[in-house]
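Here is how the chains run, residue by residue.
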Amino acid sequence: MTNANSAQVLISRFKRHLAIGILAGLLAACSGVEPISYTPIDQIPPGPGLFSGEDGVFTLYESGRRDTEDDADD
Amino acid sequence: METTHRSLRRPGGAVRGFAATAAVMLALAGQTTAPASAQEVTSGNDNIRLTLSGQINRGLLHVDDGSNTALLNVDNDGSSTRVRFVGVGNYNEEIAVGTVFEVQLESNSTGNIKIDGSAPGEADGFTKRNLEIYGNHSRFGRIWLGHGSTASDGTSEADLSGTGVIGYSSVADMAGGIEFGGLGVGPQINEVFSNLDGLSRDDRIRYDTPNLSGFTVSASYADSRKSDIALRFAGDVGAGLKLVGAVAYSINGNIDSQVNGSLSLLHESGFNVTAAAGAQDLQAGAVNPNRDPSFWYAKLGYLWGGGLGDTAIGVDYASAEEVQDVVAATGDEFTSYGVFVVQSIDRIATDLYLGARNHKLDRVGQNYDDIFAVLGGARIKF
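All values reported here derive from a predicted model rather than from experimental measurement. (Residues numbered from 1 in each chain as written. Chains lettered and ligands numbered in written order. Predicted model: local features only at pLDDT ≥ 70, side-chain atom pairs only at ≥ 80, totals over all residues. Heavy atoms only, no water.)

Caption draft 1: Main features of the overall build of chain A. Within chain A, the regular secondary structure consists of 1 helix and 2 strands. Written out in order from the N terminus, the α and β elements of chain A read α-β-β. Evaluated residue by residue, chain A yields a buried proportion of 35% over its 74 residues. Here chain A displays about 4400 Å² of accessible surface, and carbon together with sulfur accounts for 57% of that area. (Helix = DSSP H or I, 4+ residues; strand = E, 2+ residues; numbered from the N terminus. Buried < 20%, exposed > 50% of the residue type's maximum accessible area, 1.4 Å probe, protein only. Areas by Shrake-Rupley, 256 points an atom, 1.4 Å probe, with all protein chains shown as cover.)

Caption draft 2: Quick look at the overall build of chain B. Each helix and strand in chain B was counted, giving 2 helices and 17 strands. Every one of the 382 residues in chain B was classed for burial, and the buried ones make up 56%. Total accessible area on chain B stands at roughly 15500 Å², and carbon and sulfur atoms take up 57% of it.

Caption draft 3: Layout of the pairing of strand 9 (residues 226-238) of chain B. The pairing of strand 1 (residues 34-35) of chain A with strand 9 of chain B spans 2 bridges and is classified as antiparallel. What sits directly across from Glu34(A), in strand 9 of chain B, is Asp236(B). In this structure, strand 8 (residues 215-222) of chain B lies alongside strand 9 of chain B, joined through 8 bridges in antiparallel fashion. The partner of Val217(B) across the bridge, within strand 9 of chain B, is Leu231(B). Between strand 8 of chain B and strand 9 of chain B, which pair antiparallel one after the other, the connecting turn spans 3 residues, and Ser224(B) there sits at a positive phi close to 65 degrees. Turn length for the strand 9 of chain B-strand 10 (residues 241-252) of chain B hairpin, with the two strands adjacent in sequence and antiparallel, is 2 residues, and the turn residue Ala239(B) shows positive phi of about 55 degrees. (Pairing = 2+ DSSP bridges.)

Caption draft 4: Spotlight on the confidence of the model for chain B. Residues with a pLDDT of 70 or more make up 87% of chain B, whose mean pLDDT is 89. The model gives residues 1-37 of chain B a pLDDT under 50, and that stretch makes 59 contacts with residues more than four places away or in other chains. (pLDDT = per-residue confidence, 0-100. Contact = heavy atoms within 4.5 Å.)

Caption draft 5: Representation of the pairing of strand 13 (residues 294-304) of chain B within the structure. Residue and element names in this part refer to chain B. Relative to strand 13, strand 12 (residues 271-282) is paired through 9 bridges, and the arrangement is antiparallel. Along strand 13, the bridge assignment pairs Thr274 with Lys299. Strand direction decides the pairing type here: strand 13 and strand 14 (residues 311-321), joined by 11 bridges, are antiparallel. Looking across to strand 14, one finds that Tyr302 is bridged to Ile313. In this structure, the hairpin formed by strand 13 and strand 14 is closed by a connection of 6 residues, where Gly309 is found at a positive phi of approximately 155 degrees.

Caption draft 6: Here's a closer look at the pattern of salt bridges. For the structure shown, the criterion picks out 18 salt bridges over all chains. Notably, a salt bridge pairs Asp42(A) with Arg201(B), separated by 3.8 Å at the nearest N-O pair. Taken as a pair, Asp42(A) in the loop between strand 1 and strand 2 (58-62) and Arg201(B) in strand 7 (residues 201-208) lie in two separate chains rather than in one. Linking Lys114(B) and Glu179(B) is a salt bridge whose minimum nitrogen-to-oxygen distance equals 3.2 Å. Pair noted here: Lys114(B) is in the loop between strand 4 (95-105) and strand 5 (126-137) and Glu179(B) is in the loop between strand 6 (141-149) and helix 2 (189-192), with a separation of 65 residues, a long-range link. Just as Lys114(B) is buried, Glu179(B) falls in that class too. It is possible to trace a salt-bridge network through shared partners that takes in Asp42(A), Arg82(B), Arg84(B), Glu102(B), Arg129(B) and Arg201(B). (Salt bridge = Lys/Arg side-chain N within 4 Å of Asp/Glu carboxyl O.)

Caption draft 7: Spatial organisation of the side chain of Arg232(B). Residues and elements named next belong to chain B. Structurally, Arg232 can be placed in strand 9. A polar contact of 2.6 Å, which involves the side chain of Arg232, links it to the backbone oxygen of Asp153. For Arg232, the residues in contact, after removing those within four places along its chain, are Ala151, Ser152, Asp153, Thr155, Arg206, Gly214, Phe215, Thr216, Ser218, Gly245 and Ala246. (Polar contact = N/O pair within 3.5 Å; in protein donor to acceptor, adjacent residues only side chain to side chain.)

Caption draft 8: Representation of the environment of Asn288(B). Residues and elements named next belong to chain B. Positionally, Asn288 belongs in the loop between strand 12 and strand 13. Here the alpha-carbon distance between Asn288 and Val327, two residues 39 residues apart in the chain, equals 5.5 Å. Dropping the residues within four chain positions of it, Asn288 is found in contact with Leu282, Asp325, Val326, Val327 and Thr330. At 3.0 Å, the side chain of Asn288 and the backbone nitrogen of Asn290 are in polar contact.

Caption draft 9: Representation of the nonpolar core within the structure. With 34 residues, the main nonpolar core has Leu61(B), Val63(B), Ile166(B), Phe180(B), Ile189(B), Phe193(B) and Phe334(B) as its most contacted residues. Elements represented by at least two residues in this core include exactly strand 1 (48-64), strand 2 (69-75), helix 2, strand 13, strand 14, strand 15 (333-345), strand 16 (350-362) and strand 17 (371-381) of chain B. Setting aside its immediate chain neighbours within four residues, Leu61(B) contacts Ala70(B), Leu71(B), Leu72(B), Val74(B), Thr110(B), Ile113(B), Met174(B), Ala175(B), Ala373(B), Val374(B) and Leu375(B). Of all hydrophobic cores here, the second largest spans 10 residues; its members include Tyr61(A), Ile48(B), Phe85(B) and Val103(B). (Core = buried A, V, L, I, M, F, W, Y, C linked by side-chain atoms within 4.5 Å.)

Written out as structure tokens, the structure reads:
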């Protein structure tokens, strides 16, 4: 087997193990977990804003109480 | 005029300038029943909220393609300049509806700009991200309709490292438009690398389950017979470990199907590790179906808090094969490695960042020089 072929085999195995690791990690996480809030990195990060202050958003209008979750992160 | 609902208009300042826009947004959402003016925003609907947020992310990009070097003023496509309106109306304690209007405004996007400073296809740099409505039930989940993230969008990009603004699995975001071999010679970086991040954003209908012990399942259908399903997790798994991850399967019409995923672990000590991988199975609709596109990515990092805010450092490595849909790409091997530092300054809602990345393409019959890029800048959330 050439060095190039050996390298390809190693990379292929690494990818397979990586995929298995991702799945195993997710499944292992099933037991005794505490959900956390996570903002995808392509979204505006949480936290205060320079002008908007602690909320991190300008509340342009608000009426009544907030009974349900109103985040729109996807 | 109904006066039972309070106005949050504040005298002077930026909020007044947004008032007219707020009125338009409320009208579009069909929620305005009382006259609104630029002076006062009111609504006859109870339990509604309209917010505005956004960020500006600018930097200087130094690139060296082996033939030329350049220093370019750019907008960091990894976390682009944008503005976002979110409107939410509560029907009752369980049901809410919402609107999301988010656009990005990039001048000289790092994803497009070439070494001569031109940014073809950018036009005015104004592009849509989210133009959508949703309905949410606290027990049954959420349905989205419109242009936004498909179920699989972001599933290659789980990342708790704190360096995501400058380096994450989409490694082509730093200097995506730069071409191997010099201007107009070889392929662009973003043509030979992809993190196979599902179906990205599209016009779709999407469903998300409620969060079940940190897990969420999503599915969506987009035009041109695109569909996908994804499983996400975000939780504290004990032993001082936070974990986020996702896996997805998507079908892109008769062009390809793909499996991809990512995982990121952050220990309370600050050490973190992130990995992602994906592979495509091409169908007859691809230009060159005789390829096996795939990628993998790994990052090690360390994150710690300080007086200013968090400091994060990281190193990463990425590899992709046969991504570009052209005949010449058969046998392509792309590799990249980078090093990054991000300093958050909480008091002014700013992330300062600096990163360097090398890009290498091995293509049959070609001998391209590596492309080296350094990007430094600031993201200010306003």
